[in-house]
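One letter stands for each residue in the lines below.
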Amino acid sequence: LVSVPIILAAYDVDQAGEKAAARLQALSGRVQVIQVPWGKDLTEFHQQGGDLYSWLARELRCIRQNAIQAATGR
């Protein structure tokens, strides 16, 4: 993970998950915490018919676009 520019982290949608996400973000500015669109975690999202690949691709596009906008001031 040392050479990876962006690390996506999706923890459970609960207090423990929020705490763990905050700890991970404190370790590196490369960590971007994302939340599943529905369900309490990745497994539940997938089991309820969520498309993990499409969701992750969309999240990554948004994060990259926000980074470009921040860098260019737009």
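A. Layout of the nonpolar core. Listed in full, the five residues of the largest apolar core are Ile34, Val36, Phe45, Trp55 and Ile63. Leaving out residues up to four positions away in the same chain, Ile63 has contacts with Ile6, Leu8, Gln32 and Ile34.

B. Representation of the packing of aromatic side chains within the structure. According to the stated counting rule, one finds two aromatic pairs in the structure shown. Cluster of aromatic residues (ring-pair linked, three or more members): Trp38, Phe45 and Trp55.

C. View of helix 1 (residues 15–27). The terminal C-alpha atoms of helix 1 lie 19 Å apart, and with 13 residues this matches the ideal 18 Å at 1.5 Å per residue to within 8%. Those residues of helix 1 lying buried are Gly17, Ala20 and Ala21. The arc that holds the buried residues of helix 1, viewed along the axis, is 100°, so those residues lie on one side. Seen from the buried face of helix 1, the exposed residues on the opposite side, beyond 90 degrees, are Gln15, Glu18, Lys19, Arg23 and Ala26. Residues of helix 1 that are buried sit in contact with strand 2 (31–33). The backbone nitrogen of Ala16 has a side-chain oxygen 3.4 Å away, supplied by the residue at the start of helix 1, namely Asp14.

Cut-off values and rules
Residues numbered from 1 in each chain as written. Predicted model: local features only at pLDDT ≥ 70, side-chain atom pairs only at ≥ 80, totals over all residues. Heavy atoms only, no water. Core = buried A, V, L, I, M, F, W, Y, C linked by side-chain atoms within 4.5 Å. Buried < 20%, exposed > 50% of the residue type's maximum accessible area, 1.4 Å probe, protein only. Contact = heavy atoms within 4.5 Å. Phe/Tyr/Trp six-rings, centres within 6.5 Å; stacked < 30°, edge-to-face > 60°. Helix = DSSP H or I, 4+ residues; strand = E, 2+ residues; numbered from the N terminus. Expected span 1.5 Å × (residues − 1). Arc of directions from axis to C-beta. Polar contact = N/O pair within 3.5 Å; in protein donor to acceptor, adjacent residues only side chain to side chain.

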